[in-house]
Amino acid sequence: MNLKTEIFNKKDIDELYEFIIDTIKVSYFGYYPEEAINYFIKYSNKQDILDDAESNYVIVIKDNNKIIGTGTLKFTHIKRVFVNSSYQGKGLGRLIMNDLEEKAKTFNLKIVELHSSLFAKSFYDKLGYKLFKMGKVEVENGELLYFQRMSKRLSKYQYVFNYNFHKKYFKVVQNDGVDVEANTETKFHFLQNKELIYAEYNGGKVKYGEIFGVIENETIHFYYNQENLVGEKNQGNSKDEIILFENNKLQLVDKWEWKSKRGQGLCILEEI
């Protein structure tokens, strides 16, 4: 099967949307309740697809001019990866993921991350993605939608395990810059899987944030997605120096910069 990826053309929005909805209904049946499947369908709406095509990276695979696969890269986040059920098991999912990962490398990103559905985790395991946590969303009628939060290192750096952030809490002790959102009321909960780090955080002007990173020597390269108290969502990245105190507590000296708007600064986090 000699198929290849191509950039999505917005004139094909109706076909792509129908393909995604049909694939969700077939692939998710038996793994999720009907309420969760309806949630997935609402999440994959036409406007979001068009917005991603305008501002991010959306690809498709076609066979005889018919869409049979798709995937999207938004900053570090890989999403909306689907392959027609009749074409699954033929390497097309791997083809899509390879394309998205190679595109991420052209942006000098050191990691990519994603939400895995229940049945797709084994596929992402084979591609080298590492699990951090099982997440859940409550949908209609009190049903639950479960997913896995995963990420993958893109750099070839050989990691040496020197620092342990797993299940540790940090607080912001200082953050300068213009109109900062994370302040001394902001707290982080870290999880670690070898060289990869994940944290959720809130407090201060931050309603909810997620941060992914990869350790290289005494440095962590972080990428974050953050929602403030008024509902604005922004992304950024930072480079952190790791400092180990005599009492074995950790400190992060975080030089950060927004990607989706202007602003940069220095933030210091300390282990609680």
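Above this text you will find the structure in question.
Residues numbered from 1 in each chain as written. Predicted model: local features only at pLDDT ≥ 70, side-chain atom pairs only at ≥ 80, totals over all residues. Heavy atoms only, no water.

> I keep staring at the overall build of the protein and nothing clicks. Help me out?
Secondary structure assignment for the protein yields 5 helices and 15 strands. Its C-alpha atoms give the protein a radius of gyration of 20 Å, near enough to 19 Å, the size a compact globule of 272 residues would have. The principal-axis extents of the C-alpha atoms in the protein amount to approximately 65 × 40 × 35 Å. Residue burial in the protein is summarised as follows: out of 272 residues, 49% are buried. Expressed as a percentage of contacts within the protein between residues at least 6 apart in sequence, the contacts between residues at least 24 apart total 53%. As displayed, the protein has an accessible area near 14,200 Å², and 46% of this comes from carbon and sulfur atoms. (Helix = DSSP H or I, 4+ residues; strand = E, 2+ residues; numbered from the N terminus. Rg over C-alpha atoms; globule rule 2.2 N^0.38 Å. Buried < 20%, exposed > 50% of the residue type's maximum accessible area, 1.4 Å probe, protein only. Contact = heavy atoms within 4.5 Å. Areas by Shrake-Rupley, 256 points an atom, 1.4 Å probe, with all protein chains shown as cover.)

> Any chance you could explain the nonpolar core here in plain terms?
A general feature of soluble globular proteins is that nonpolar side chains tend to end up buried together. Formed by 32 residues in total, the largest nonpolar core has its most connected members in Ile78, Tyr124 and Tyr129. The residues contacting Tyr129, other than those within four sequence positions of it, are Ile78, Met97, Glu101, Val112, Leu114, Tyr124, Met150, Ser151 and Lys152. Core analysis: the second largest hydrophobic core is formed by 25 residues, Phe190, Val206, Ile220 and Cys267 among them. (Core = buried A, V, L, I, M, F, W, Y, C linked by side-chain atoms within 4.5 Å.)

> I keep staring at a nonpolar patch on the surface and nothing clicks. Help me out?
Taken together, the side chains of Tyr31, Leu118, Met134 and Tyr146 present a nonpolar region at the surface, about 380 Å² in accessible area. Relative to the assigned elements, Met134 resides in strand β6 (residues 130-138). (Patch = residues over 30% accessible without salt bridge, like charges linked within 9 Å, V, L, I, M, F, W, Y side chains within 5 Å. Salt bridge = Lys/Arg side-chain N within 4 Å of Asp/Glu carboxyl O.)

> Would you take a moment to explain unusual backbone geometry for this structure?
Negative phi values dominate among residues other than glycine, just as trans dominates among peptide bonds. One non-glycine residue, Asn108, lies in positive phi territory at about 65 degrees. In this structure, Asn108 sits in the loop between α4 (92-106) and β5 (111-116). Its relative accessible area of 65% is what places Asn108 among the exposed residues. Non-glycine residue Asn141 carries a positive phi angle of around 60 degrees. Residue placement: Asn141 occurs in the loop between β6 and β7 (144-153). With relative accessibility at 68%, the residue Asn141 sits in the exposed group.

> How should the packing of helix α1 (residues 13-27) against helix α3 (residues 46-55) be read in this particular structure?
When two helices pack together, their arrangement is given by the angle between the helix axes and by the axis-to-axis distance. It is at 10 Å that the axes of α1 and α3 come closest, and there the two elements cross at 120 degrees. Considering the angle they form, α1 stands oblique to α3. Here α1 and α3 pass one another in a crossing that is right-handed. Where α1 approaches α3, its residues Ile13, Asp14, Leu16, Tyr17 and Ile20 are matched on the opposing element by Lys46, Ile49 and Leu50. For the contact of α1 with α3, the residue count by class is 6 nonpolar, no polar and 2 charged. (Axes fitted to C-alpha atoms, helices over the stretch in contact; angles between N-to-C directions. Parallel < 35°, antiparallel > 145°, perpendicular 65-115°, else oblique. Left-handed = near helix turned anticlockwise from the far one by under 90°. Nonpolar A, V, L, I, M, F, W, Y, C, P; charged D, E, K, R; others polar.)

> What's the story with empty space enclosed by the protein in this structure? I'm lost.
Enumeration over the complete set of coordinates arrives at 1 cavity of 30 Å³ or more. Lining the largest cavity we find 20 residues, and of these Ala182, Tyr224, Gln226, Asp254 and Trp256 sit closest to its centre. Of all the secondary-structure elements, those providing two or more residues to the lining of the largest cavity are β8 (169-175), β9 (187-193), β12 (219-228), β13 (233-244), β14 (250-258) and β15 (264-271). For the lining of the largest cavity, the leading source of residues is β14, giving 4 residues. Residues that form the lining of the largest cavity fall into these classes: 14 nonpolar, 3 polar and 3 charged. (1 Å grid on protein atoms, 1.4 Å probe; cavity = no way out; pocket = protein on both sides within 12 Å on 5 of 7 lines; lining within 4 Å. Points joined across faces, edges and corners; volume = space filled by probe spheres on them.)

> Mind showing me how you'd approach α4 here?
Here α4 contains 15 residues, and its C-alpha end-to-end distance of 22 Å stays within 8% of the 21 Å for a straight helix at 1.5 Å per residue. If you check which residues of α4 are buried, you get Leu92, Gly93, Ile96, Met97, Asp99, Leu100, Glu101 and Ala104. (Expected span 1.5 Å × (residues − 1).)

> Looking at this structure, I do not really get the side chain of Ser27. What am I missing?
Take Ser27: it is sitting in helix α1. At 3.4 Å, the side chain of Ser27 forms a polar contact with the side chain of Gln88. Not counting residues up to four positions away in its chain, the partners in contact with Ser27 are Gln88 and Phe119. (Polar contact = N/O pair within 3.5 Å; in protein donor to acceptor, adjacent residues only side chain to side chain.)

> It is not clear to me how the packing of aromatic side chains should be interpreted in this structure. Could you clarify?
Two aromatic rings are characterised by how far apart their centres lie and by the angle between their planes. Enumeration according to the criterion identifies 20 aromatic pairs in this entry. Ring centres of Tyr28 and Phe119 lie 5.1 Å apart, and the angle between their planes is 65 degrees; on these two criteria the pair is classed as edge-to-face. Linking Tyr28 in the loop between α1 and α2 (34-43) with Phe119 in the loop between β5 and α5 (121-126), this pair joins segments that are 91 residues apart in sequence. Using a relative accessible area of 7% as the deciding quantity, one classes Tyr28 as buried. A relative accessible area of 27% means that Phe119 is categorised as partly exposed. (Phe/Tyr/Trp six-rings, centres within 6.5 Å; stacked < 30°, edge-to-face > 60°.)

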